[in-house]
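Residue-level structural notes
Now for the letters of each chain:
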Amino acid sequence: MDWSAEIKARIRRRYARLARAGDGALARAHRMREDGYPEAVIERVPPELAAAYSGCGFPLADVSLANVRFAVDLGCGSGIDAWWAAAQMGAEGAVVAVDMTTGMLRVLGPASARGVPAGSSIFPVAGDLERIPLASGLADLAFANASFNLAVDKDAAFKEAFRILRAGGQLAARDLVLEEPLPREVLEDPLADVTSLGGVMAEDELRRVIEGAGFSGVCVSDHRPFSYVVSVQLTATKAA
Ligand SMILES: C[S@@+](CC[C@H](N)C(=O)[O-])C[C@H]1O[C@@H](n2cnc3c(N)ncnc32)[C@H](O)[C@@H]1O
């Protein structure tokens, strides 16, 4: 097995374990609150989705879903953000939730129709962010929460996000950036790439990767401390 496949297999094992065990919805709700989720989301989201939450913020905080008909959650995990987007869009739209950990999609599937307006659609799809199994140029919005930093090939992951968006489409992601060197114990940890920290880039480098994928208007905002790194909101556009 090559290095990339090995890291991905470890990431899948880690998140499959979290999907099975969860942390308890209450503990995760506490984390969601700390990460900036509004009470309206925390109160309404099905508890089994909350129990497997593993994001680093609320990527849809300032995103208007009014004109969004087709949205894609990239690295959805248990799919809290996909669920919230579907609840807002109702029968007017559809959300595809992509993750390579099928255990997470099994948590999302049965709960996805609960608490959302009739006719809302969430489609859990097993797939790799570096090769998204969707057609080009269709999505109005691609969003992600703490998943790009785990992509082994970040150039490929952002290029794929760009490819699936229509012209004028938006990217909104919560992700992690490095502001100072990681401590030695993290750098030397063979699991660092699996626990989100090993793959974190400096802000400038990340901005270059996003622009290199074709995006314009890249904005990095709302910096919040997150473990040894910093959680940020990323927004960008596929120019019309
Ligand atoms: C930190 S978790 C965040 C999950 C979810 N977005 C949330 O906020 O709870 C990262 C997720 O990204 C997924 N992931 C990591 N690398 C991926 C890749 N290359 N392709 C698809 N999914 C990936 C993992 O399986 C995991 O579910």
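Residues numbered from 1 in each chain as written. Predicted model: local features only at pLDDT ≥ 70, side-chain atom pairs only at ≥ 80, totals over all residues. Heavy atoms only, no water.

1. Examining the site of the ligand
- Taken together, 18 residues lie near the ligand, and Ser54, Gly75, Asp99, Thr101 and Leu129 sit nearest.
- A distance of 3.3 Å separates an oxygen atom of the ligand from a polar backbone atom of Gly55.
- At a separation of 3.2 Å, a nitrogen atom of the ligand approaches a polar backbone atom of Met100.
- Protein coverage of the free-state accessible area of the ligand, which is 600 Å², stands at 99%.
- With respect to the pocket detection grid, the ligand is positioned in the largest cavity.
- In terms of residue class, the shell around the ligand is built from 8 nonpolar, 8 polar and 2 charged. (Near = heavy atom within 4 Å. Polar contact = N/O pair within 3.5 Å; in protein donor to acceptor, adjacent residues only side chain to side chain. Areas by Shrake-Rupley, 256 points an atom, 1.4 Å probe, with all protein chains shown as cover. 1 Å grid on protein atoms, 1.4 Å probe; cavity = no way out; pocket = protein on both sides within 12 Å on 5 of 7 lines; lining within 4 Å. Sits in = over half its atoms within 2 Å of the grid points. Nonpolar A, V, L, I, M, F, W, Y, C, P; charged D, E, K, R; others polar.)

2. A look at the layout of surface pockets
- Reported here for the second largest pocket is a volume of approximately 230 Å³.
- Along the walls of the second largest pocket sit 16 residues, with Phe58, Ala61, Asp62, Arg174 and Gln233 positioned nearest its centre.
- Elements that contribute at least two residues to the lining of the second largest pocket include exactly β5 (165-178), β7 (216-226) and β8 (229-237).
- By residue number, the principal contributor to the lining of the second largest pocket is β5, which donates 4 residues.
- Classifying every residue of the lining of the second largest pocket by side-chain character gives 6 nonpolar, 5 polar and 5 charged. (Points joined across faces, edges and corners; volume = space filled by probe spheres on them. Helix = DSSP H or I, 4+ residues; strand = E, 2+ residues; numbered from the N terminus.)

3. Some thoughts on the pattern of salt bridges
- Evaluated as defined, the whole model comprises 11 salt bridges.
- Its salt-bridge partner being Asp140, residue Arg166 comes within 2.6 Å of it at the nearest N-O pair. Here Arg166 is found in strand β5, whereas its partner Asp140 is found in strand β4 (residues 139-145), with 26 residues between them in sequence.
- Among the residues examined, Arg166 registers a relative accessible area of 31% and is labelled partly exposed.
- With its nearest N and O atoms 3.2 Å apart, the salt bridge here joins Asp222 to Arg224.
- We classify Asp222 as partly exposed; its relative accessible area is 39%.
- Members of the salt-bridge network, linked through shared partners, are Lys8, Asp128 and Glu130. (Salt bridge = Lys/Arg side-chain N within 4 Å of Asp/Glu carboxyl O. Buried < 20%, exposed > 50% of the residue type's maximum accessible area, 1.4 Å probe, protein only.)

These figures capture arrangement, not role.
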